[in-house]
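Survey of secondary and tertiary structure
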Amino acid sequence: MAERSRRTVRDLRRGNRARVLQRLCFDGPLSRQELGPATGLSSGSISNVVAELASEGLLEEAGVVDSDGGRPRTLLRIAPGGGLFVGIDIGETRVRVELFDLSLTELARTDRLLAQHGYDVERIVGHVRAGVSDVLRDAGADPRMLLGIGIGVPGIIERDAPEAVGGPGAVVHGQTIGWGAVPFERLLREAVQIPPEVPFFIDNGAKTLGQAEMWFGGGRGAGAAAVALIGSGVGASVSRGDILDEDLSNAALEWGHTTVQLRGRRCRCGSIGCLEAYAGAEAMRERWHEAGGPLPPDADDETALAALLAAAYPGPGGAPDPVAVAILDETAECLGAALADLVNLFLPERILLGGWAGLLIGPHLLPRIRRYAQEYALEHAVARTTIGLGHLGPDAVTVGAATLPLSDFLARGGTRPAPTVRPGAGAASARAAAPVRGRSAAG
(Lines give C-alpha, C1' and ligand atoms only; values in the text may rest on other atoms or scores of the structure.)
Protein backbone atom coordinates (compact mmCIF):
# COMPACT_ATOMS: atom_id res chain seq x y z
CA MET A 1 0.00 0.00 0.00
CA ALA A 2 2.86 2.38 0.84
CA GLU A 3 4.49 1.66 -2.54
CA ARG A 4 1.20 2.33 -4.34
CA SER A 5 0.89 5.63 -2.46
CA ARG A 6 4.42 6.65 -3.43
CA ARG A 7 3.71 5.87 -7.07
CA THR A 8 0.53 7.92 -6.92
CA VAL A 9 2.28 10.93 -5.40
CA ARG A 10 5.08 10.68 -7.96
CA ASP A 11 2.61 10.45 -10.83
CA LEU A 12 0.60 13.40 -9.48
CA ARG A 13 3.74 15.51 -9.20
CA ARG A 14 4.79 14.62 -12.73
CA GLY A 15 1.29 15.40 -14.02
CA ASN A 16 1.32 18.83 -12.37
CA ARG A 17 4.72 19.60 -13.89
CA ALA A 18 3.45 18.47 -17.29
CA ARG A 19 0.42 20.77 -17.11
CA VAL A 20 2.55 23.80 -16.34
CA LEU A 21 5.15 23.06 -19.01
CA GLN A 22 2.52 22.35 -21.66
CA ARG A 23 0.67 25.59 -21.02
CA LEU A 24 3.86 27.62 -21.11
CA CYS A 25 4.96 25.85 -24.28
CA PHE A 26 1.76 26.59 -26.20
CA ASP A 27 0.43 29.75 -24.55
CA GLY A 28 3.34 31.33 -22.69
CA PRO A 29 4.69 33.53 -21.33
CA LEU A 30 2.15 33.42 -18.50
CA SER A 31 2.07 34.69 -14.91
CA ARG A 32 1.57 32.43 -11.91
CA GLN A 33 -1.93 33.88 -11.57
CA GLU A 34 -2.75 32.93 -15.17
CA LEU A 35 -1.28 29.45 -14.81
CA GLY A 36 -3.78 28.59 -12.06
CA PRO A 37 -7.00 28.67 -14.11
CA ALA A 38 -5.14 27.52 -17.23
CA THR A 39 -3.97 24.31 -15.54
CA GLY A 40 -6.66 23.79 -12.89
CA LEU A 41 -4.02 23.74 -10.16
CA SER A 42 -4.16 25.60 -6.85
CA SER A 43 -1.93 28.62 -6.22
CA GLY A 44 0.10 26.55 -3.77
CA SER A 45 0.67 23.80 -6.33
CA ILE A 46 1.64 26.36 -8.96
CA SER A 47 4.18 27.92 -6.60
CA ASN A 48 5.71 24.54 -5.79
CA VAL A 49 5.89 23.40 -9.40
CA VAL A 50 7.30 26.70 -10.65
CA ALA A 51 9.97 26.74 -7.95
CA GLU A 52 10.93 23.16 -8.74
CA LEU A 53 11.14 23.66 -12.49
CA ALA A 54 13.06 26.93 -12.09
CA SER A 55 15.60 25.24 -9.82
CA GLU A 56 16.19 22.67 -12.58
CA GLY A 57 16.79 25.36 -15.18
CA LEU A 58 13.56 24.63 -17.09
CA LEU A 59 11.67 27.87 -16.33
CA GLU A 60 12.77 31.47 -16.20
CA GLU A 61 11.27 34.93 -15.78
CA ALA A 62 10.21 36.73 -18.97
CA GLY A 63 9.42 40.24 -17.81
CA VAL A 64 6.76 41.98 -15.76
CA VAL A 65 3.27 43.20 -16.71
CA ASP A 66 1.00 45.63 -14.87
CA SER A 67 -2.14 44.27 -13.26
CA ASP A 68 -5.46 46.03 -12.63
CA GLY A 69 -4.73 47.95 -9.46
CA GLY A 70 -2.55 45.25 -7.94
CA ARG A 71 1.12 44.47 -7.90
CA PRO A 72 2.86 43.88 -11.23
CA ARG A 73 2.88 40.24 -12.29
CA THR A 74 6.00 38.36 -13.29
CA LEU A 75 5.71 36.38 -16.51
CA LEU A 76 7.24 32.94 -16.81
CA ARG A 77 8.42 31.02 -19.84
CA ILE A 78 10.22 27.80 -20.62
CA ALA A 79 13.96 28.45 -20.39
CA PRO A 80 15.44 28.04 -23.88
CA GLY A 81 18.75 26.82 -22.46
CA GLY A 82 17.11 24.03 -20.45
CA GLY A 83 17.64 21.39 -23.14
CA LEU A 84 18.19 20.57 -26.78
CA PHE A 85 16.29 18.69 -29.49
CA VAL A 86 17.37 17.52 -32.91
CA GLY A 87 14.83 17.40 -35.74
CA ILE A 88 15.66 15.51 -38.94
CA ASP A 89 13.80 15.38 -42.24
CA ILE A 90 14.73 12.39 -44.40
CA GLY A 91 13.36 14.07 -47.51
CA GLU A 92 13.23 13.15 -51.17
CA THR A 93 16.03 15.51 -52.18
CA ARG A 94 18.06 16.05 -48.99
CA VAL A 95 18.59 15.05 -45.40
CA ARG A 96 18.03 18.15 -43.27
CA VAL A 97 19.25 18.19 -39.66
CA GLU A 98 18.39 21.05 -37.30
CA LEU A 99 19.27 21.68 -33.67
CA PHE A 100 16.69 23.43 -31.49
CA ASP A 101 16.68 24.75 -27.95
CA LEU A 102 13.86 24.08 -25.50
CA SER A 103 11.74 26.87 -27.02
CA LEU A 104 12.16 25.28 -30.49
CA THR A 105 14.35 28.14 -31.68
CA GLU A 106 16.75 26.92 -34.35
CA LEU A 107 20.40 26.98 -33.25
CA ALA A 108 22.08 25.28 -36.21
CA ARG A 109 21.26 23.35 -39.38
CA THR A 110 22.89 21.35 -42.12
CA ASP A 111 21.63 19.90 -45.40
CA ARG A 112 23.01 16.75 -47.02
CA LEU A 113 21.91 16.60 -50.63
CA LEU A 114 20.77 13.30 -52.06
CA ALA A 115 21.38 12.21 -55.63
CA GLN A 116 18.24 11.29 -57.55
CA HIS A 117 16.93 8.02 -56.06
CA GLY A 118 19.82 8.10 -53.58
CA TYR A 119 18.19 6.13 -50.78
CA ASP A 120 21.02 3.78 -49.91
CA VAL A 121 20.44 2.98 -46.23
CA GLU A 122 24.10 3.19 -45.21
CA ARG A 123 24.39 6.57 -46.93
CA ILE A 124 21.34 7.94 -45.12
CA VAL A 125 22.62 6.69 -41.76
CA GLY A 126 25.96 8.34 -42.52
CA HIS A 127 24.24 11.63 -43.37
CA VAL A 128 22.35 11.53 -40.06
CA ARG A 129 25.50 10.70 -38.08
CA ALA A 130 27.48 13.52 -39.70
CA GLY A 131 24.58 15.98 -39.53
CA VAL A 132 24.00 15.51 -35.80
CA SER A 133 27.72 15.93 -35.14
CA ASP A 134 27.84 19.06 -37.31
CA VAL A 135 24.93 20.92 -35.70
CA LEU A 136 26.16 20.18 -32.18
CA ARG A 137 29.62 21.45 -33.11
CA ASP A 138 28.35 24.51 -34.97
CA ALA A 139 26.18 25.57 -32.01
CA GLY A 140 28.91 24.84 -29.48
CA ALA A 141 26.38 22.60 -27.74
CA ASP A 142 26.92 20.01 -25.04
CA PRO A 143 25.60 16.62 -26.27
CA ARG A 144 24.59 15.83 -22.69
CA MET A 145 21.87 18.47 -22.99
CA LEU A 146 20.12 16.49 -25.74
CA LEU A 147 16.60 15.44 -24.76
CA GLY A 148 15.85 13.46 -27.89
CA ILE A 149 16.22 13.16 -31.65
CA GLY A 150 13.10 13.18 -33.82
CA ILE A 151 13.15 11.93 -37.41
CA GLY A 152 10.55 12.12 -40.17
CA VAL A 153 10.91 9.45 -42.87
CA PRO A 154 8.85 8.27 -45.86
CA GLY A 155 6.93 5.04 -45.40
CA ILE A 156 5.16 2.98 -42.76
CA ILE A 157 6.74 2.78 -39.30
CA GLU A 158 6.58 -0.44 -37.30
CA ARG A 159 7.46 0.02 -33.64
CA ASP A 160 9.07 -2.53 -31.34
CA ALA A 161 9.44 -4.89 -34.26
CA PRO A 162 10.41 -8.51 -33.50
CA GLU A 163 13.97 -9.68 -34.03
CA ALA A 164 12.85 -11.35 -37.27
CA VAL A 165 12.70 -7.95 -38.94
CA GLY A 166 15.62 -6.30 -37.19
CA GLY A 167 14.09 -5.17 -33.90
CA PRO A 168 13.94 -3.94 -31.27
CA GLY A 169 13.17 -0.36 -32.22
CA ALA A 170 11.42 1.34 -35.11
CA VAL A 171 11.51 -0.45 -38.46
CA VAL A 172 10.75 1.45 -41.68
CA HIS A 173 8.80 -0.06 -44.57
CA GLY A 174 9.35 2.42 -47.40
CA GLN A 175 8.20 0.72 -50.58
CA THR A 176 8.60 3.78 -52.81
CA ILE A 177 12.21 4.33 -51.73
CA GLY A 178 13.23 0.68 -51.76
CA TRP A 179 13.31 0.18 -47.98
CA GLY A 180 11.94 -3.18 -46.93
CA ALA A 181 11.83 -3.67 -43.15
CA VAL A 182 14.87 -1.48 -42.50
CA PRO A 183 15.80 -1.55 -38.76
CA PHE A 184 16.43 2.18 -38.88
CA GLU A 185 16.42 2.91 -35.15
CA ARG A 186 18.93 0.16 -34.40
CA LEU A 187 21.22 1.33 -37.21
CA LEU A 188 21.08 4.92 -35.96
CA ARG A 189 21.65 3.91 -32.36
CA GLU A 190 24.78 2.03 -33.40
CA ALA A 191 26.11 4.87 -35.61
CA VAL A 192 25.18 8.26 -34.11
CA GLN A 193 27.59 9.45 -31.44
CA ILE A 194 25.34 10.70 -28.65
CA PRO A 195 24.89 9.80 -24.97
CA PRO A 196 23.23 6.37 -24.70
CA GLU A 197 20.17 7.62 -22.81
CA VAL A 198 19.11 10.04 -25.57
CA PRO A 199 16.00 8.55 -27.22
CA PHE A 200 15.17 8.41 -30.92
CA PHE A 201 11.63 9.15 -32.12
CA ILE A 202 11.00 7.99 -35.70
CA ASP A 203 7.74 8.65 -37.52
CA ASN A 204 6.25 9.24 -40.94
CA GLY A 205 7.25 12.62 -42.38
CA ALA A 206 3.66 13.58 -43.21
CA LYS A 207 2.73 12.93 -39.60
CA THR A 208 5.52 15.14 -38.27
CA LEU A 209 4.45 17.88 -40.70
CA GLY A 210 0.89 17.56 -39.45
CA GLN A 211 1.94 17.78 -35.81
CA ALA A 212 3.99 20.90 -36.47
CA GLU A 213 1.08 22.63 -38.22
CA MET A 214 -1.37 21.58 -35.49
CA TRP A 215 0.91 22.82 -32.69
CA PHE A 216 2.29 26.02 -34.14
CA GLY A 217 0.86 26.60 -37.64
CA GLY A 218 -2.31 26.68 -39.68
CA GLY A 219 -3.99 23.80 -37.83
CA ARG A 220 -3.83 25.48 -34.42
CA GLY A 221 -7.28 25.58 -32.83
CA ALA A 222 -8.92 23.18 -35.28
CA GLY A 223 -10.76 20.20 -33.83
CA ALA A 224 -9.91 18.14 -36.89
CA ALA A 225 -7.47 18.90 -39.69
CA ALA A 226 -5.78 17.13 -42.58
CA VAL A 227 -2.29 18.16 -43.65
CA ALA A 228 -0.90 17.08 -47.02
CA LEU A 229 2.81 16.71 -47.67
CA ILE A 230 3.57 17.20 -51.36
CA GLY A 231 7.20 16.75 -52.35
CA SER A 232 8.70 14.36 -54.83
CA GLY A 233 6.20 11.96 -53.30
CA VAL A 234 2.84 12.59 -51.62
CA GLY A 235 1.50 11.82 -48.13
CA ALA A 236 -0.94 13.16 -45.56
CA SER A 237 -1.92 13.02 -41.92
CA VAL A 238 -5.18 13.58 -40.08
CA SER A 239 -5.30 15.07 -36.57
CA ARG A 240 -8.22 15.19 -34.17
CA GLY A 241 -8.48 16.84 -30.77
CA ASP A 242 -6.91 19.77 -28.96
CA ILE A 243 -3.13 19.84 -28.62
CA LEU A 244 -3.47 19.65 -24.81
CA ASP A 245 -6.04 16.84 -24.93
CA GLU A 246 -4.83 13.39 -23.95
CA ASP A 247 -7.17 11.98 -26.59
CA LEU A 248 -5.43 13.88 -29.41
CA SER A 249 -4.84 11.54 -32.34
CA ASN A 250 -2.53 12.09 -35.29
CA ALA A 251 -2.46 9.39 -37.95
CA ALA A 252 -0.29 9.16 -41.06
CA LEU A 253 -2.09 8.16 -44.27
CA GLU A 254 -0.62 6.62 -47.42
CA TRP A 255 -2.78 9.14 -49.23
CA GLY A 256 -0.42 9.38 -52.18
CA HIS A 257 -1.28 5.79 -53.09
CA THR A 258 -5.01 6.22 -53.29
CA THR A 259 -6.37 5.78 -56.82
CA VAL A 260 -7.32 8.87 -58.82
CA GLN A 261 -7.22 7.37 -62.33
CA LEU A 262 -8.47 3.92 -63.30
CA ARG A 263 -5.91 2.24 -65.57
CA GLY A 264 -3.78 5.35 -65.13
CA ARG A 265 -0.05 6.01 -64.95
CA ARG A 266 2.30 3.57 -63.27
CA CYS A 267 3.31 4.79 -59.82
CA ARG A 268 6.75 4.19 -58.37
CA CYS A 269 5.07 2.00 -55.73
CA GLY A 270 4.24 -0.45 -58.56
CA SER A 271 0.51 0.21 -58.69
CA ILE A 272 -1.33 2.25 -61.32
CA GLY A 273 -3.37 5.43 -61.11
CA CYS A 274 -2.03 6.61 -57.73
CA LEU A 275 -2.30 10.25 -56.74
CA GLU A 276 1.49 10.37 -56.43
CA ALA A 277 1.82 9.41 -60.11
CA TYR A 278 0.15 12.74 -60.97
CA ALA A 279 0.75 15.15 -58.08
CA GLY A 280 4.25 14.26 -56.89
CA ALA A 281 7.06 16.50 -58.14
CA GLU A 282 8.90 13.49 -59.57
CA ALA A 283 5.80 12.53 -61.58
CA MET A 284 5.26 16.10 -62.79
CA ARG A 285 8.86 16.20 -64.00
CA GLU A 286 8.40 12.92 -65.86
CA ARG A 287 5.08 13.97 -67.42
CA TRP A 288 6.53 17.23 -68.70
CA HIS A 289 9.60 15.47 -70.06
CA GLU A 290 7.37 12.92 -71.86
CA ALA A 291 5.35 15.79 -73.37
CA GLY A 292 8.50 17.38 -74.80
CA GLY A 293 9.10 19.98 -72.12
CA PRO A 294 12.52 21.68 -72.37
CA LEU A 295 14.31 19.96 -69.51
CA PRO A 296 17.90 18.76 -69.22
CA PRO A 297 17.84 14.96 -68.81
CA ASP A 298 19.56 15.20 -65.41
CA ALA A 299 17.29 17.95 -63.98
CA ASP A 300 16.28 17.21 -60.39
CA ASP A 301 12.70 17.47 -59.15
CA GLU A 302 13.06 20.96 -57.66
CA THR A 303 14.64 22.41 -60.79
CA ALA A 304 12.08 20.72 -63.04
CA LEU A 305 9.05 21.88 -61.06
CA ALA A 306 10.30 25.47 -60.98
CA ALA A 307 10.81 25.34 -64.76
CA LEU A 308 7.35 23.83 -65.31
CA LEU A 309 5.71 26.62 -63.29
CA ALA A 310 7.76 29.28 -65.11
CA ALA A 311 6.56 27.88 -68.45
CA ALA A 312 2.91 27.88 -67.37
CA TYR A 313 3.09 31.28 -65.65
CA PRO A 314 5.75 33.28 -67.54
CA GLY A 315 4.78 36.69 -66.16
CA PRO A 316 3.91 39.93 -67.98
CA GLY A 317 4.49 39.77 -71.72
CA GLY A 318 5.11 36.02 -71.81
CA ALA A 319 2.98 33.38 -73.50
CA PRO A 320 1.96 30.42 -71.29
CA ASP A 321 3.10 27.03 -72.51
CA PRO A 322 -0.19 25.16 -73.18
CA VAL A 323 1.41 21.78 -72.42
CA ALA A 324 2.66 23.00 -69.04
CA VAL A 325 -0.75 24.52 -68.30
CA ALA A 326 -2.50 21.22 -69.15
CA ILE A 327 -0.16 19.20 -66.94
CA LEU A 328 -0.72 21.50 -63.98
CA ASP A 329 -4.48 21.53 -64.50
CA GLU A 330 -4.54 17.73 -64.45
CA THR A 331 -2.45 17.85 -61.27
CA ALA A 332 -4.91 20.28 -59.69
CA GLU A 333 -7.87 18.05 -60.60
CA CYS A 334 -6.22 14.95 -59.17
CA LEU A 335 -5.34 16.79 -55.97
CA GLY A 336 -8.86 18.22 -55.71
CA ALA A 337 -10.43 14.79 -56.15
CA ALA A 338 -8.09 13.24 -53.57
CA LEU A 339 -8.77 16.07 -51.11
CA ALA A 340 -12.49 15.42 -51.62
CA ASP A 341 -11.86 11.88 -50.39
CA LEU A 342 -10.27 13.31 -47.22
CA VAL A 343 -13.27 15.60 -46.78
CA ASN A 344 -15.81 12.80 -47.21
CA LEU A 345 -13.92 10.33 -45.00
CA PHE A 346 -12.71 12.52 -42.12
CA LEU A 347 -14.84 15.72 -42.19
CA PRO A 348 -11.88 17.99 -41.32
CA GLU A 349 -12.41 21.64 -40.49
CA ARG A 350 -9.19 22.54 -42.31
CA ILE A 351 -6.99 21.07 -44.99
CA LEU A 352 -3.46 22.42 -45.38
CA LEU A 353 -1.08 21.81 -48.26
CA GLY A 354 2.57 21.63 -47.26
CA GLY A 355 5.85 20.14 -48.36
CA TRP A 356 8.30 21.98 -50.61
CA ALA A 357 6.38 21.14 -53.81
CA GLY A 358 2.99 21.87 -52.26
CA LEU A 359 4.14 25.31 -51.18
CA LEU A 360 5.61 25.92 -54.64
CA ILE A 361 2.52 24.99 -56.65
CA GLY A 362 -0.05 26.17 -54.09
CA PRO A 363 -0.10 29.89 -54.89
CA HIS A 364 -0.80 29.06 -58.56
CA LEU A 365 -3.09 26.03 -58.27
CA LEU A 366 -4.99 26.55 -55.01
CA PRO A 367 -8.11 28.16 -56.59
CA ARG A 368 -8.44 25.27 -59.05
CA ILE A 369 -7.72 22.67 -56.36
CA ARG A 370 -10.52 24.13 -54.22
CA ARG A 371 -12.91 24.15 -57.18
CA TYR A 372 -12.22 20.52 -58.04
CA ALA A 373 -12.53 19.49 -54.37
CA GLN A 374 -15.98 21.12 -54.28
CA GLU A 375 -17.00 19.27 -57.43
CA TYR A 376 -15.95 15.85 -56.10
CA ALA A 377 -16.84 16.11 -52.39
CA LEU A 378 -20.19 15.95 -50.65
CA GLU A 379 -21.69 19.44 -50.67
CA HIS A 380 -22.41 19.76 -46.95
CA ALA A 381 -19.06 18.32 -45.91
CA VAL A 382 -16.89 20.47 -48.19
CA ALA A 383 -18.82 23.62 -47.27
CA ARG A 384 -17.50 23.22 -43.71
CA THR A 385 -13.87 22.72 -44.78
CA THR A 386 -11.31 25.39 -45.60
CA ILE A 387 -8.40 24.49 -47.91
CA GLY A 388 -5.22 26.54 -47.68
CA LEU A 389 -1.44 26.41 -47.44
CA GLY A 390 0.58 25.40 -44.42
CA HIS A 391 1.98 28.27 -42.34
CA LEU A 392 5.39 26.92 -41.35
CA GLY A 393 7.17 26.80 -44.69
CA PRO A 394 9.53 24.17 -46.05
CA ASP A 395 11.09 23.49 -42.62
CA ALA A 396 7.82 22.21 -41.16
CA VAL A 397 8.81 18.52 -41.33
CA THR A 398 12.01 19.22 -39.41
CA VAL A 399 10.16 21.28 -36.81
CA GLY A 400 7.56 18.52 -36.57
CA ALA A 401 10.29 15.94 -36.08
CA ALA A 402 11.62 17.98 -33.15
CA THR A 403 8.13 18.07 -31.61
CA LEU A 404 8.30 14.28 -31.21
CA PRO A 405 10.90 14.37 -28.41
CA LEU A 406 9.43 17.65 -27.14
CA SER A 407 6.03 16.00 -26.76
CA ASP A 408 7.59 13.17 -24.79
CA PHE A 409 9.54 15.61 -22.61
CA LEU A 410 6.40 17.63 -21.83
CA ALA A 411 4.37 14.49 -21.05
CA ARG A 412 7.06 13.39 -18.58
CA GLY A 413 6.85 16.72 -16.80
CA GLY A 414 10.34 17.77 -17.83
CA THR A 415 12.08 14.74 -16.39
CA ARG A 416 14.96 13.41 -18.43
CA PRO A 417 15.45 9.85 -19.66
CA ALA A 418 17.31 7.62 -17.23
CA PRO A 419 20.86 6.73 -18.30
CA THR A 420 21.09 3.38 -20.03
CA VAL A 421 24.02 1.26 -21.08
CA ARG A 422 24.42 0.16 -24.68
CA PRO A 423 25.36 -3.44 -25.32
CA GLY A 424 29.06 -3.79 -24.64
CA ALA A 425 29.34 -0.48 -22.75
CA GLY A 426 30.32 -0.29 -19.13
CA ALA A 427 28.67 1.51 -16.25
CA ALA A 428 31.39 4.13 -16.35
CA SER A 429 30.35 5.21 -19.83
CA ALA A 430 26.75 5.57 -18.69
CA ARG A 431 27.83 7.75 -15.77
CA ALA A 432 29.98 9.86 -18.07
CA ALA A 433 27.03 10.43 -20.39
CA ALA A 434 24.61 11.43 -17.61
CA PRO A 435 22.82 14.72 -18.41
CA VAL A 436 23.78 17.95 -16.71
CA ARG A 437 20.71 19.77 -15.45
CA GLY A 438 20.25 23.48 -15.85
CA ARG A 439 23.30 24.20 -17.99
CA SER A 440 23.23 26.52 -20.96
CA ALA A 441 22.78 24.87 -24.35
CA ALA A 442 25.53 26.97 -25.87
CA GLY A 443 29.26 27.10 -25.33
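Here we summarise the structure given alongside this text. (Residues numbered from 1 in each chain as written. Predicted model: local features only at pLDDT ≥ 70, side-chain atom pairs only at ≥ 80, totals over all residues. Heavy atoms only, no water.)

1. Quick notes on the pattern of salt bridges
The condition that has to hold: Take a side-chain nitrogen of Lys or Arg and a carboxyl oxygen of Asp or Glu: if they are within 4 Å of each other, that pair is a salt bridge. Helix and strand assignments come from DSSP, with helices taken as H or I runs of at least 4 residues and strands as E runs of at least 2, each series counted from the N terminus. Each residue is assigned to one of three classes by its accessible area relative to the maximum for its type, calculated with a 1.4 Å probe on protein chains only: buried under 20%, partly exposed between the two thresholds, exposed over 50%.
Applying the stated criterion across every chain, the model contains 28 salt bridges. Of the charged contacts, one joins Arg-13 and Glu-52 as a salt bridge, the two residues approaching to 3.1 Å between their closest N and O atoms. With a gap of 39 residues between them, Arg-13 in helix 1 (residues 2-27) and Glu-52 in helix 3 (residues 43-55) connect regions that are remote in the sequence. For Arg-13, a relative accessible area of 40% gives the class partly exposed. The closest approach of N and O atoms between Arg-285 and Asp-301, which form a salt bridge, is 2.6 Å. Taken as a pair, Arg-285 in helix 8 (residues 281-290) and Asp-301 in helix 9 (residues 301-312) lie far apart in primary sequence, 16 residues in all. Here Arg-285 falls in the buried class, since its relative accessible area comes to 15%. Via salt bridges that share partners, Arg-94, Arg-96, Glu-98, Glu-106, Arg-109, Asp-111, Glu-302 and Asp-395 belong to a single interconnected network.

2. Let's talk about the sheet that holds strand 16 (residues 386-389)
Note the following rule: Only strands that DSSP links by at least two bridges are regarded as paired with each other. Lines fitted to the C-alpha atoms define the axes, with helices restricted to the stretch that makes contact. Angles between their N-to-C directions range from 0 to 180 degrees. The contact criterion used is simple: two residues touch if any of their non-hydrogen atoms lie within 4.5 Å.
Spatially, 14-13-12-15-16 is the arrangement adopted by the 5 strands of the open sheet, whose pairing is mixed. Since the sheet does not close on itself, it has two edges, and those belong to strand 14 (249-253) and strand 16, each with one partner. Taking each pair of neighbouring strands and ignoring which way they run, the sheet shows an average axis angle of 20 degrees. Set on the sheet, helix 10 (residues 322-346) makes contact with strand 12 (224-230), strand 13 (234-240), strand 14, strand 15 (350-354) and strand 16; between it and strand 15 the angle comes to about 145 degrees.

3. A short note on the nonpolar core
Heads up, the condition is: Side-chain atoms within 4.5 Å link the members of a nonpolar core, which is a set of buried Ala, Val, Leu, Ile, Met, Phe, Trp, Tyr and Cys residues.
Of all hydrophobic cores here, the largest spans 49 residues; its most connected members are Trp-255, Leu-275, Leu-305, Leu-308, Leu-335 and Leu-339. The biggest single contributor to this core is helix 10, with 11 residues. Excluding anything up to four places from it in sequence, Trp-255 contacts Ala-228, Val-234, Gly-235, Ala-236, Leu-275, Leu-335, Ala-338, Leu-339 and Leu-342. If you look at the next biggest cluster of nonpolar residues, it comprises 37 residues, including Ile-90, Met-145, Leu-146 and Ile-151.

4. Here's the deal with the packing of aromatic side chains
Put simply, the rule reads: Stacked, tilted and edge-to-face are the three classes applied to pairs of Phe, Tyr and Trp rings, where Trp contributes its six-membered ring and a pair requires centres within 6.5 Å; stacked means planes under 30 degrees apart, edge-to-face means over 60, and tilted covers the rest.
Going through the model one piece at a time under the given rule, you end up with 6 aromatic pairs. Plain terms: the ring middles of Phe-85 and Phe-409 are 6.3 Å apart, the flat faces sit at 70 degrees to each other, and that makes the pair edge-to-face. Of this pair, Phe-85 sits in strand 4 (residues 84-90) while Phe-409 is found in helix 13 (residues 396-411), placing the two residues 324 residues apart along the sequence. With respect to class, Phe-85 is no different from Phe-409; both count as buried. Both rings, one in Trp-215 and one in Phe-216, keep their centres 5.8 Å apart while their planes meet at 80 degrees; by these two values the pair is edge-to-face.

5. Here we look at unusual backbone geometry
Cis rather than trans, the peptide bond between Gly-28 and Pro-29 has omega equal to 0 degrees. One can find Pro-29 in the loop between helix 1 and strand 1 (30-31). With a phi angle near 50 degrees, Arg-263 is a residue other than glycine that sits in the positive phi range. Turning to its location among the elements, Arg-263 is positioned in the loop between strand 14 and helix 7 (276-279). Look at Arg-263 and you get exposed, because its relative accessible area is 73%. The phi torsion at Leu-347 lies on the positive side, around 50 degrees, for a residue other than glycine. With respect to the secondary-structure elements, Leu-347 resides in the loop between helix 10 and strand 15.

6. Quick look at helix 11 (residues 356-376)
Inclusion rule: Multiplying 1.5 Å by the residue count of a helix minus one yields the expected span of that helix. Bend is the name given here to the angle between axes fitted to two runs of seven residues, the run ending at a residue and the run starting at it.
With 21 residues, helix 11 extends only 26 Å from end C-alpha to end C-alpha; this falls clearly short of the ideal 30 Å at 1.5 Å per step. Largest kink in helix 11: about 75 degrees, centred on Leu-365, with the proline Pro-367 one to four residues after it. Among the residues making up helix 11, those that are buried are Ala-357, Gly-358, Ile-361, Gly-362, Leu-365, Leu-366, Arg-368, Ile-369, Tyr-372 and Ala-373.

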